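Listed below are the residues making up each chain.
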Amino acid sequence: MAVQADGGQKSFHIISPILESLSLSKAAGTKVFMKLENVQPTGSFKIRGIGHRCQEAVKKGCHHFVCSSGGNAGLAAAYAAKKLGVPITVVIPRTSGPIPKIKLEKLGAKVEVYGKAWDDANSKAQELVKTEGWVSIHPFDDPLVWQGHSSLVHELKDSLETKPDAIVLAVGGGGLLAGVVAGLHQMGWQDVPIIAAETRGAHSFHEALKAGRLITLPDITSVATCLGAKTVAARALECAKECQVISEVVEDTEAVGAVEQFLDDERMLVEPACGAALAMLYTGRLQQLQREGRLQTPLASVVVVVCGGSNIDMDQLRALKSQLGM
């Protein structure tokens, strides 16, 4: 079901299902609802904010989109570009692998592969956007993107009988976190704690929170390449001052293990980036936070944002397990 955006224009995202998961509830020791962003048209939550940003850019006369991406943001931008009839160039790093490139080209995007990490691809995108009429579609650091992502929380309020006692989500550059915090403000749910999960080696948000300022990681060493922003958005740090944000770091093996377990339990294949959030539930980290007094006891219900991700297939999952010695 497409959503009606401001001004009567249909949004490109759908109202995603929210389902109770018996397996995740058993693992976490509380009722767990899954917000299934993996069923969005491009396979992740990114279409919410990026679709909104692209629509606004076209209203202002944009002739060509440029997006730097680890994969999912580029797919969302390419999908929106195709719907809007606007050409797009997407710059992806080498670490994204072949899957996003193939999918992007199927959507009609011109794809450039540049650098090792997203930050490298973004520097290349900033050069391209100097062309007149070309507009940069940032994958996470843009108020219009956050505004689009905030719709997720509106849907939670419409679907749930009561507000959850916590929301579990993954953090890469911080766009989803910023959008959820915006949505919590809009719904009057500012007191709902957010558990922000990252994988070690892509944990720029965790390091920034510890330091109290933005920290740039020397390199992205995690297999969760879609979490691979060396520096998180400044807005993410502000969010941690406005709401209770609990930052947690999981190992790559835990994230990939969660991906495999989720496939068995729910018959859905998601990326390791999404596995970071799922690992918080499968590994008992939620109960650990309760024992430490950082989360209330008992918890009536928790929402996990199944953010999805298109850079995965069974061959890739097997390769990741082999790489990690699992």
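Residues numbered from 1 in each chain as written. Predicted model: local features only at pLDDT ≥ 70, side-chain atom pairs only at ≥ 80, totals over all residues. Heavy atoms only, no water.

### Notes on the overall build of the chain
Next, step 1: In terms of helices and strands, the chain carries 14 helices and 12 strands.
Next, step 2: Whereas a compact globule of 326 residues would reach a radius of gyration of roughly 20 Å, the chain reaches 18 Å, a difference of no more than 12%.
Next, step 3: With the C-alpha coordinates of the chain rotated into their principal frame, the extents come out at 55 × 45 × 40 Å.
Next, step 4: Counting across all 326 residues of the chain, residues that qualify as buried make up 60%.
Next, step 5: A separation of at least 24 residues holds for 69% of the contacts in the chain among residues at least 6 apart in sequence.
Next, step 6: Carbon and sulfur atoms provide 50% of the accessible area of the chain, an area that totals close to 12,900 Å².
Next, step 7: Between the mean site of the 33 positive side-chain charges and the mean site of the 34 negative ones, the chain shows a separation of 3 Å. (Helix = DSSP H or I, 4+ residues; strand = E, 2+ residues; numbered from the N terminus. Rg over C-alpha atoms; globule rule 2.2 N^0.38 Å. Buried < 20%, exposed > 50% of the residue type's maximum accessible area, 1.4 Å probe, protein only. Contact = heavy atoms within 4.5 Å. Areas by Shrake-Rupley, 256 points an atom, 1.4 Å probe, with all protein chains shown as cover. Lys, Arg positive; Asp, Glu negative; His and termini not counted. Charge placed at Lys NZ, Arg CZ, Asp CG, Glu CD.)

### A few points about helix H9 (residues 204-211)
Next, step 1: Among all positions of H9, only Ser204, Phe205 and Ala208 are buried. The buried residues of H9 occupy an angular sector of 95 degrees when projected down its axis, which confines them to one face.
Next, step 2: Contact partners of the buried residues in H9: helix H8 (175-187), strand E10 (194-199), helix H10 (234-242) and strand E11 (245-250). (Arc of directions from axis to C-beta.)

### Focus: the sheet that holds strand E8 (residues 134-136)
Next, step 1: Strand order in the open sheet formed by 4 strands is E7-E6-E5-E8, with parallel pairing between adjacent strands. With partners counted over all chains shown, the strands left at the sheet margins are strand E7 (110-113) and E8, one partner each. In this sheet, neighbouring strand axes are inclined to one another by 20 degrees on average, regardless of whether the strands run parallel or antiparallel.
Next, step 2: Sheet strands in contact with helix H3 (residues 72-84) are strand E5 (64-68) and strand E6 (88-92), and its direction is about 170 degrees off that of E5. (Pairing = 2+ DSSP bridges. Axes fitted to C-alpha atoms, helices over the stretch in contact; angles between N-to-C directions.)

### A look at the UniProt feature "domain: Tryptophan synthase beta chain-like PALP" (unreviewed entry) in the chain
Next, step 1: Here the UniProt feature "domain: Tryptophan synthase beta chain-like PALP" (unreviewed entry) sits at residues 16-308.
Next, step 2: From the first C-alpha to the last, residues 16-308 spans 12 Å; its make-up is 45% helix and 17% strand. (UniProt positions renumbered as here; feature names shortened; annotations may be inferred.)

### A closer look at the sheet that holds strand E3 (residues 18-20)
Next, step 1: Taking strand neighbours across the sheet as the criterion, the 6 strands line up as E3-E4-E12-E9-E10-E11 in an open arrangement whose pairing is mixed. In this open sheet, the two strands that pair with only one neighbour each are E3 and E11. In this sheet, neighbouring strand axes are inclined to one another by 25 degrees on average, regardless of whether the strands run parallel or antiparallel.
Next, step 2: Across 6 bridges, the pairing between strand E4 (residues 31-36) and strand E12 (residues 301-306) is parallel. Pairing of Val32 across the sheet is with Val302, part of E12.

### Brief notes about the pairing of E6
Next, step 1: Of all 5 residues in E6, 5 are buried; the element is thus mostly enclosed.
Next, step 2: By the alternation rule, side chains of E6 split into Ile88, Val90 and Ile92 and Thr89 and Val91, which are all buried.
Next, step 3: As judged from the 4 bridges shared by E5 and E6, these two strands associate in the parallel manner. Paired with Cys67 across the strands is Val90, a residue of E6.
Next, step 4: The pairing of E6 with E7 spans 4 bridges and is classified as parallel. When the sheet's bridge partners are listed, Ile92 is paired in E7 with Val113.

### Re the packing of aromatic side chains
Next, step 1: The final tally for this structure, using the stated rule, is 2 aromatic pairs.
Next, step 2: A centroid spacing of 5.0 Å and a plane angle of 50 degrees characterise the contact between Trp118 and Phe140, whose relative ring orientation is tilted. Residue Trp118 is found in helix H5 (residues 118-128), and its partner Phe140 is found in the loop between E8 and helix H6 (143-149); the two are separated by 22 residues along the sequence. One exposure class covers both Trp118 and Phe140, and it is buried. (Phe/Tyr/Trp six-rings, centres within 6.5 Å; stacked < 30°, edge-to-face > 60°.)

### Quick word on empty space enclosed by the protein
Next, step 1: Scanning all chains against the criterion turns up 1 cavity of 30 Å³ or more.
Next, step 2: Contributing to the lining of the largest cavity are 29 residues, with Lys46, Gly172, Gly173, Cys226 and Leu227 lying nearest its centre.
Next, step 3: Contributing elements (two or more residues each) for the lining of the largest cavity: H3 and H8.
Next, step 4: Looking at the lining of the largest cavity, the element that brings in the most residues is H8, giving 3 residues.
Next, step 5: Looking at the lining of the largest cavity residue by residue, the class counts come to 14 nonpolar, 13 polar and 2 charged. (1 Å grid on protein atoms, 1.4 Å probe; cavity = no way out; pocket = protein on both sides within 12 Å on 5 of 7 lines; lining within 4 Å. Points joined across faces, edges and corners; volume = space filled by probe spheres on them. Nonpolar A, V, L, I, M, F, W, Y, C, P; charged D, E, K, R; others polar.)

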